[in-house]
Amino acid sequence: LGLAAVAEIAQCFWPEFSAGGHQKLGLTLEGIDPHRKVEELANRGIRVGDLLEFYAKLGKDVMPHFDPLASTTHDVVRQAVIPL
């Protein structure tokens, strides 16, 4: 399922969210065309070689305490991806 399809489904089931965001979560769409933003996010990417290079650095040069059996995606994003 593509990101654009997910946005369409969300709009059908949660029209208040797609109309203006979710105030309790701090997500607002005021001044933003949600379809354009979804399109932008869906077209982001990373080359496979770059991903493999990043993975090879985990546990060594980046996030030395990385454990593939215990580290979560959240851990890697917060402690390795964002700092880079």
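It should be noted that the structure appears before, not after, this text.
Residues numbered from 1 in each chain as written. Predicted model: local features only at pLDDT ≥ 70, side-chain atom pairs only at ≥ 80, totals over all residues. Heavy atoms only, no water.

**Brief notes about a nonpolar patch on the surface**
Alright, step 1. A cluster of nonpolar side chains, contributed by Val77, Val81 and Ile82, occupies part of the molecular surface with about 230 Å² of accessible area.
Alright, step 2. Structurally, valine 77 can be placed in helix α5 (residues 73–81). (Patch = residues over 30% accessible without salt bridge, like charges linked within 9 Å, V, L, I, M, F, W, Y side chains within 5 Å. Areas by Shrake-Rupley, 256 points an atom, 1.4 Å probe, with all protein chains shown as cover. Salt bridge = Lys/Arg side-chain N within 4 Å of Asp/Glu carboxyl O. Helix = DSSP H or I, 4+ residues; strand = E, 2+ residues; numbered from the N terminus.)

**Describing the nonpolar core**
Alright, step 1. Counting residues in hydrophobic clusters, the biggest one holds seven residues: Phe54, Leu58, Val62, Met63, Phe66, Val76 and Ala80.
Alright, step 2. Leaving out residues up to four positions away in the same chain, methionine 63 has contacts with Leu58, Ser71, Asp75, Val76, Gln79 and Ala80. (Core = buried A, V, L, I, M, F, W, Y, C linked by side-chain atoms within 4.5 Å. Buried < 20%, exposed > 50% of the residue type's maximum accessible area, 1.4 Å probe, protein only. Contact = heavy atoms within 4.5 Å.)

**Describing the environment of alanine 80**
Alright, step 1. Among the secondary structure elements, alanine 80 is positioned in helix α5.
Alright, step 2. Residue class for alanine 80 comes out buried when judged on its relative accessible area of 1%.
Alright, step 3. Taking the C-alpha atoms as reference points, alanine 80 and leucine 58, 22 residues apart in sequence, are found 7.9 Å from one another.

On their own, these measurements won't tell you what the molecule is for.
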